[in-house]
Amino acid sequence: MAGKDILLGIDFGSGGCKVTAIDTDGFLQGEASVEYRTHYPHPGFSEQEPSDWYRAMCGALAAVRKQGVDFKRIASIAFDGSTHNAVLMNSEMKPLRKTIMWTDQRSVEECAWLKQHHAAQIFATAWQMPTPTWTLPQLMWINRHEPEVIRATEHILFVKDYVRYLVTGVSATDYIEAQGTLFYDMQNQEWSQELVALTGLKASALPKLVKPADRVGSVTESAARDTGIPAGTPVICGSSDSAIEDYGAGAVEPGDCIVKLATAGNVNVMTDRAIPHERTLTYSHIIEGMYYTVSATNAAAVCQRWFRDNFCDTEKRLAAELNQKAFNLMDKLAESSPAGSNGVFFHPYLQGERSPYWDPDLRGSFTGIGMGSTRADFARALLEGVGYSLLDCYGLIEEMKLPVKRLFLIGGGGRSRIWSEIVCNIFNLPLTVPSPGDASFGAALLAGTGVGIYKDSRSAVRHCLKIDRELTPDPETAAKYRELFKTYKAIHDAMAPVYSSIRR
């Protein structure tokens, strides 16, 4: 291990792969991201091609090497990824179909059946309620519509586990990732054979369970050729992106709260015990013995990506000319509209919605549009609408009376000055922005813990985490947003029955 002082975290988010290289004091040595495509073959469907994840990782690693990071100094690597997403494979470990993603809404009927026949059993066992987010109803849908796929499935892994298998040749998952399936027994910390049976899967297809900081193999010779990471480099299991990013942002004490402004949006509160609730999600924390409660919105920064791809050709063209990101130019456009976007509202339900409504029928909308409305109003309304949705999630945390001591703002959207200020003012609470404090950084810390560079996971984050900035709300702007949020809620209440009637 002498001289190998680089730790590598590899994150597979909903929209792309990010690689972060740090030294053992937490200082950034290099980082790069590569997007991959999500397929939407039918309304409400959301799928990804597993091979795209590996290609994106190799591309991001190549970019980090070009930044001058010496891969010969890598001491360890660890992975994280979006959860609930099952890779179904045959006996030769080849994927049988595209992977249904957690944002997919196709399994509404399966969820209704589960709630009718197994709700109490599922909640008592998995500490969650059935919704289309979970692997269990997704697999039931496949068994109903593509039974030949389930019959042919000999192995199941999840996003980060599949890529790690390609890197190491070892098949495994961690127990926090397993909690995202809805067929994991939270109390007994094992697969629930009764719930697995509802999917039609063979019990033998399930991977072995390990801890997030456990070593799971090393880089193979073939993977070394693809990635540039030396063969034999230790590989640590890692965990789900939400668990890793909460940890990597420094939320390691009860009462710490994460506001996530990434592809999806979360409001997560750390607790010293599990507090299952039918309208939230409950997961184990990276710090053993701790848990976190999740209130989540399906679409956050992905809304800005959608807006960029469909309505911002001017910004994309200019960004290419100036060698900038289109998002930076979109921020400047949004800044030219005042708080409240001149009466334009955006509801970010582009993929249905989770907290607090758990309504797959909801759809995105711009409302309050007039002849005087501008693209700047739309651009700012989108940022504000995501902020309102996150506040809606936080309302559920308040309803549960969970104690909140400090709030951390994380995710790519948190790097935007205007968007982070909007969220701070909408919440009307101080926010701390960690640096880098994202999932790939947390994975890098876990990589160090797994090979003994740090005494334990809590010590790692305390030693390495930096604070980028502290945000405080502007009283006048916060008061304006407080009133506008009432209108935002009223629009939801008025439109929800309309969207439900459209599905029928």
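It should be emphasised that the depicted structure is a prediction, and the values quoted were computed from it without experimental measurement.

Trainee: Can you lay out the pairing of strand S2 (residues 16-23) for me, pointing to particular residues and giving the numbers?
Mentor: Of all eight residues making up S2, eight are buried, and the element is well covered by its neighbours. Taken together, the seven bridges between strand S1 (residues 6-12) and S2 define a ladder with antiparallel strand orientation. What sits directly across from Phe12, in S2, is Cys17. Counting the residues between successive antiparallel strands, the hairpin from S1 to S2 contains three residues. Following S2, the chain reverses through four residues before pairing antiparallel with strand S3 (residues 28-35); Gly26 in that reversal takes a positive phi of roughly 90°.

Trainee: Give a detailed account of the pattern of salt bridges, specifying residues and quantitative values.
Mentor: As enumerated under the stated definition, the model contains 35 salt bridges in all. Between Glu177 and Lys160 there is a salt bridge whose closest N-O contact spans 2.9 Å. Taken together, the positions of Glu177 in helix H6 (residues 175-178) and Lys160 in helix H5 (residues 159-168) put the pair 17 residues apart, joining distant regions of the chain. Per residue, the accessibility class of Glu177 equals that of Lys160, and both read buried. Here the salt bridges do not stand alone but share partners, grouping Glu47, Arg97, Asp104, Arg106 and Glu146 into one network.

Trainee: Can you lay out a nonpolar patch on the surface for me, pointing to particular residues and giving the numbers?
Mentor: Together, Trp306, Phe311 and Leu350 line one region of the surface with nonpolar side chains, adding up to about 250 Å² of accessible area. Take Phe311: it is sitting in helix H10 (residues 301-311).

Trainee: Tell me what's going on with the packing of aromatic side chains, and back it up with residues and numbers.
Mentor: Applying the stated criterion across every chain, the model contains 20 aromatic pairs. Plain terms: the ring middles of Trp127 and Tyr291 are 6.1 Å apart, the flat faces sit at 50° to each other, and that makes the pair tilted. Placement of Trp127 in the loop between helix H2 (108-126) and helix H3 (135-145) and of Tyr291 in strand S18 (residues 291-297) is noted, with a sequence separation of 164 residues between them. You can call Trp127 buried: its relative accessible area is 12%. Taking 6.3 Å as the distance between ring centres and 55° as the angle between the ring planes, the aromatic pair formed by Phe307 and Phe366 counts as tilted. Here Phe307, found in helix H10, pairs with Phe366, found in strand S20 (residues 365-367); they are 59 residues apart in sequence, far enough to count as distant. Here the aromatic residues Trp306, Phe307, Phe311, Phe346, Phe366 and Phe378 are joined through ring pairs into a cluster of three or more. Above the plane of the ring of Phe71 lies Arg65, whose end atom (NZ or CZ) is 5.5 Å from the centre. Over the aromatic face of Trp141 sits the side chain of Arg106, whose NZ or CZ is 4.6 Å from the ring centroid.

Trainee: Lay out the packing of helix H11 (residues 313-322) against helix H12 (residues 326-335) with the relevant residues and their values.
Mentor: In a pair of packed helices, the angle between the axes and the distance between the axes together describe the arrangement. At a minimum axis distance of 8 Å, the contact between H11 and H12 shows a crossing angle of 125°. As summarised for this structure, H11 and H12 are arranged oblique, according to the angle between their axes. Along this stretch, H11 crosses H12, giving a crossing that reads as right-handed. Residues Glu315, Lys316, Leu318 and Ala319 of H11 form the contact with H12, whose participating residues are Ala326, Leu329, Met330 and Leu333. When the residues that make up the contact of H11 with H12 are grouped by side-chain class, the tally is six nonpolar, no polar and two charged.

Thresholds applied
Residues numbered from 1 in each chain as written. Predicted model: local features only at pLDDT ≥ 70, side-chain atom pairs only at ≥ 80, totals over all residues. Heavy atoms only, no water. Buried < 20%, exposed > 50% of the residue type's maximum accessible area, 1.4 Å probe, protein only. Helix = DSSP H or I, 4+ residues; strand = E, 2+ residues; numbered from the N terminus. Pairing = 2+ DSSP bridges. Salt bridge = Lys/Arg side-chain N within 4 Å of Asp/Glu carboxyl O. Patch = residues over 30% accessible without salt bridge, like charges linked within 9 Å, V, L, I, M, F, W, Y side chains within 5 Å. Areas by Shrake-Rupley, 256 points an atom, 1.4 Å probe, with all protein chains shown as cover. Phe/Tyr/Trp six-rings, centres within 6.5 Å; stacked < 30°, edge-to-face > 60°. Lys NZ or Arg CZ within 6 Å of the ring centre and 35° of its normal. Axes fitted to C-alpha atoms, helices over the stretch in contact; angles between N-to-C directions. Parallel < 35°, antiparallel > 145°, perpendicular 65-115°, else oblique. Left-handed = near helix turned anticlockwise from the far one by under 90°. Contact = heavy atoms within 4.5 Å. Nonpolar A, V, L, I, M, F, W, Y, C, P; charged D, E, K, R; others polar.

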